[in-house]
Amino acid sequence: AIELNNMPLPSPWRADFPAIAALQRQGQTYLDNAATTQKPQALIDALNHYYVNGAANVHRAQHLPGANATQAFESSRSKIAHWLNADESAQIVFTHGATSALNLLAYGLEHECVAGDEIVISALEHHANLLPWQQLAHRCDLKLIILPLDTNGLIDLVAAAVLIGPRTRLLAVSQLSNVLGAWQPLPALLSMAKSHGALTVVDGAQGVVHGRHDVQALGCDFYVFSSHKLYGPEGLGVLYGRNEALARLHHWQFGGEMVLTADYHTARFRPAPLGFEAGTPPIASVIGLGATLDYLASLDHMAVVAHEAALHQLLLDGLNRREGIRVLGAPQLALVSFVVEGVHNADLAHLLTEQGIAVRAGHHCAMPLLKSLGLPGAIRVSLALYNDSDDLERFFSALDQALELLR
Ligand code: PMP
């Protein structure tokens, strides 16, 4: 057993997530929440209600089921707008995930780019916020500029002030790194980009889960996230855009419900949001995310933040106390990535897996970052509001056993 200095940290919300108990019965401790989260009963009930009471397509049918589905779907859009403190629900575009939202932007803004223009990202970006821009740069002969990190794993503002300049067409950066677990200095970065007239994109895939929900205060042009990481259903992403920024997007995918008029040779397209939601959207998932947000809004937000912070500290302390463990960067919340001297992360991951500890190992879809740190991979433990100190105790005891075998 490990010596926990602190009091036990039970999660008052654990029972709201039935899968946690189910996983525990399977001998699994789930600590891979940055990859995806378990779902609250409120979401499961909403999906059940929708499917049991009658599915229908949205924005098309005159009939009652269609009207009900459309009403529930659009009400979710308003809840999401409210969650992000957007001006209005028309600024919320549904996509199939953060990845598809970023691809939408990289295609939708292509017409704004001129050969030689610069797109600025950072060294810690997830592949989802790297590859769409890298490929856009290839298509249009742009320069992809990579902002370096300081020793704490934060985007280096001194370097950024030099690298963000008059040729910067767009800045796209993560709010909270999925590897280093640190809030990035977005206000300073966004204002540098804006002072040069560049568009700004924030990848909120990790940040949105941990209590910062004000896109107006943030002042970005676009903000993207995936529902499944925010305790919501899969197959759904959100693209928020300021009205002026959305108006600059060219349509990307074409099909049903995104047109105003069409004949065989020409078409006129709707503005956002529907103009960017070609085809049948993931209706149940949208309704489900609305229910998830209702559930999250009903929680004592400060209590959630305090619980996650206490767990994170426990995790960090436990790792720091053990010899030969190197924590990557200076994680502030939600997750910690680490490597162990003389131990390959894949071997350690294998032994943790055998003991029912579900953590992530590898490059975390940020290969260039891991390469720049000189690492083939790392182990990442990521927390959610339903985790508790017992989960961490099981993790540490499995870690100690694994290290005993490996060292
Ligand atoms: N950005 C970050 C920082 C992420 O952590 C992830 C998911 N790991 C993504 C983008 C992509 O999200 P999705 O796979 O849901 O599209």
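Residues numbered from 1 in each chain as written. Predicted model: local features only at pLDDT ≥ 70, side-chain atom pairs only at ≥ 80, totals over all residues. Heavy atoms only, no water.

### Some remarks on the site of the ligand
- Surrounding the ligand, one finds Ala-98, Thr-99, His-126, Ala-128, Asn-178, Asp-203, Ala-205, Gln-206, Ser-226, His-228 and Lys-229.
- In this structure, His-126 approaches the ligand through a side-chain N or O atom, which is 3.1 Å from a nitrogen atom.
- Considering the ligand on its own, with 390 Å² of exposed area, one finds that the protein chains cover 85% of that surface. (Near = heavy atom within 4 Å. Polar contact = N/O pair within 3.5 Å; in protein donor to acceptor, adjacent residues only side chain to side chain. Areas by Shrake-Rupley, 256 points an atom, 1.4 Å probe, with all protein chains shown as cover.)

### What to know about the packing of aromatic side chains
- One pass over the full model with this rule turns up 10 aromatic pairs.
- Here the aromatic rings of Phe-395 and Phe-396 are separated by 5.0 Å at their centres, their planes lie at 55°, and the arrangement is tilted. Here Phe-395 matches Phe-396 in class, with each residue buried.
- Members of the aromatic cluster, joined through ring pairs, are Phe-17, Tyr-231, Tyr-295 and Tyr-386. (Phe/Tyr/Trp six-rings, centres within 6.5 Å; stacked < 30°, edge-to-face > 60°. Buried < 20%, exposed > 50% of the residue type's maximum accessible area, 1.4 Å probe, protein only.)

### What to know about the pattern of salt bridges
- Overall, the coordinates contain 15 salt bridges when judged by the stated rule.
- Here Glu-110 makes a salt bridge to Arg-139, at a shortest N to O gap of 2.8 Å. Linking Glu-110 in the loop between helix H4 (98-108) and strand S3 (118-122) with Arg-139 in helix H5 (residues 131-140), this pair joins segments that are 29 residues apart in sequence.
- Overall, the relative accessible area of 24% leaves Glu-110 in the partly exposed class.
- A residue is classified by how much of its surface remains accessible, and Arg-139, at 35% relative accessible area, is partly exposed. (Salt bridge = Lys/Arg side-chain N within 4 Å of Asp/Glu carboxyl O. Helix = DSSP H or I, 4+ residues; strand = E, 2+ residues; numbered from the N terminus.)

### Here we look at unusual backbone geometry
- The omega angle of the peptide bond from Ala-272 to Pro-273 is 0°, so this bond is cis rather than trans.
- Among the secondary structure elements, Pro-273 is positioned in the loop between strand S10 (267-269) and helix H10 (283-297).
- One non-glycine residue with positive phi stands out, namely Tyr-231, at about 65°.
- Relative to the assigned elements, Tyr-231 resides in the loop between strand S7 (222-226) and strand S8 (237-241).
- The buried category is assigned to Tyr-231, whose relative accessible area is 1%.
- Notably, His-364 is not glycine yet its phi reads approximately 55°, a positive angle.
- Mapped onto the elements, His-364 comes out in the loop between strand S14 (360-362) and helix H13 (367-372).

### Comments concerning the sheet that holds strand S2 (residues 92-95)
- Spatially, 7 strands are ordered S2-S8-S7-S6-S5-S3-S4 in an open sheet, and the strand pairing comes out mixed. Strand pairing shows two members of the sheet lacking a second neighbour, S2 and strand S4 (143-147), which therefore form its edges. Strand-to-strand, the axes of this sheet are offset by a mean angle of 20°, without reference to chain direction.
- Examined bridge by bridge, S2 and S8 share 4 bridges and lie antiparallel to one another. (Pairing = 2+ DSSP bridges. Axes fitted to C-alpha atoms, helices over the stretch in contact; angles between N-to-C directions.)

### Focus: the pairing of S7
- In terms of burial, S7 is a largely internal element, 5 of the 5 residues being buried.
- Neither face of S7 is open: one carries Phe-222, Val-224 and Ser-226, the other Tyr-223 and Phe-225, and all of them are buried.
- Here S7 pairs with S8 via 5 bridges, running antiparallel. Residue pairing across strands places Phe-225 opposite Val-238, the latter belonging to S8.

### Regarding the packing of helix H3 (residues 64-84) against H10
- For the pair H3 and H10, interaxial distance at closest approach is 8 Å and the crossing angle is 45°. As summarised for this structure, H3 and H10 are arranged oblique, according to the angle between their axes. Viewed along their axes, H3 and H10 form a crossing whose handedness is left-handed. Between H3, through Ala-69, Ala-72, Phe-73, Ser-76, Lys-79, Ile-80 and Trp-83, and H10, the contact on the second element is made entirely by Ile-283, Val-286, Ile-287, Leu-289, Gly-290, Leu-293, Asp-294, Leu-296 and Ala-297.
- For the contact of H3 with H10, a count of residues per class yields 12 nonpolar, 2 polar and 2 charged. (Parallel < 35°, antiparallel > 145°, perpendicular 65-115°, else oblique. Left-handed = near helix turned anticlockwise from the far one by under 90°. Contact = heavy atoms within 4.5 Å. Nonpolar A, V, L, I, M, F, W, Y, C, P; charged D, E, K, R; others polar.)

### So, the packing of helix H12 (residues 345-354) against helix H14 (residues 389-406)
- Look at H12 against H14: their axes get within 9 Å of each other, and the N-to-C directions meet at 130°. With respect to H14, the axis of H12 lies oblique. Relative to H14, H12 is oriented so that their crossing is right-handed. Here H12 contributes Asp-347, Leu-348, Leu-351 and Leu-352 to the contact with H14, which in turn contributes Phe-395, Ala-398, Leu-399, Ala-402, Leu-403, Leu-405 and Leu-406.

### Remarks on helix H7 (residues 186-195)
- Within the span of H7, buried status applies to Leu-186, Leu-189, Leu-190, Met-192 and Ala-193. Projected down its long axis, H7 shows its buried positions confined to an angular sector of 155°, all on one face. Opposite its buried face, H7 presents the exposed residues Pro-187 and Ser-195, each directed more than 90 degrees away.
- Buried residues along H7 sit against S4, helix H6 (157-163), strand S5 (168-174), strand S6 (199-203) and helix H8 (215-218). (Arc of directions from axis to C-beta.)

### Points about the environment of Pro-40
- Considering the arrangement of structural elements, one finds Pro-40 in the loop between strand S1 (29-30) and helix H2 (41-53).
- Separated by 321 residues in sequence, Pro-40 and Ala-361 place their C-alpha atoms 26 Å apart.
- Filtering out sequence-adjacent residues up to four positions away, Pro-40 remains in contact with Asp-16, Phe-17, Tyr-231, Thr-292 and Tyr-295.

### Notes on the pairing of strand S15 (residues 378-382)
- In terms of residue burial, S15 counts as a mostly covered element, since 5 of its 5 residues are buried.
- Neither face of S15 is open: one carries Ala-378, Arg-380 and Ser-382, the other Ile-379 and Val-381, and all of them are buried.
- Note that strand S12 (residues 335-340) and S15 share 4 bridges and pair antiparallel. Residue pairing for S15: Leu-335 is matched across the bridge by Ser-382.
- In the sheet, S14 pairs with S15 via 3 bridges, with the strands oriented antiparallel. Looking at the pairing, Ala-361 lines up with Ile-379 of S15.

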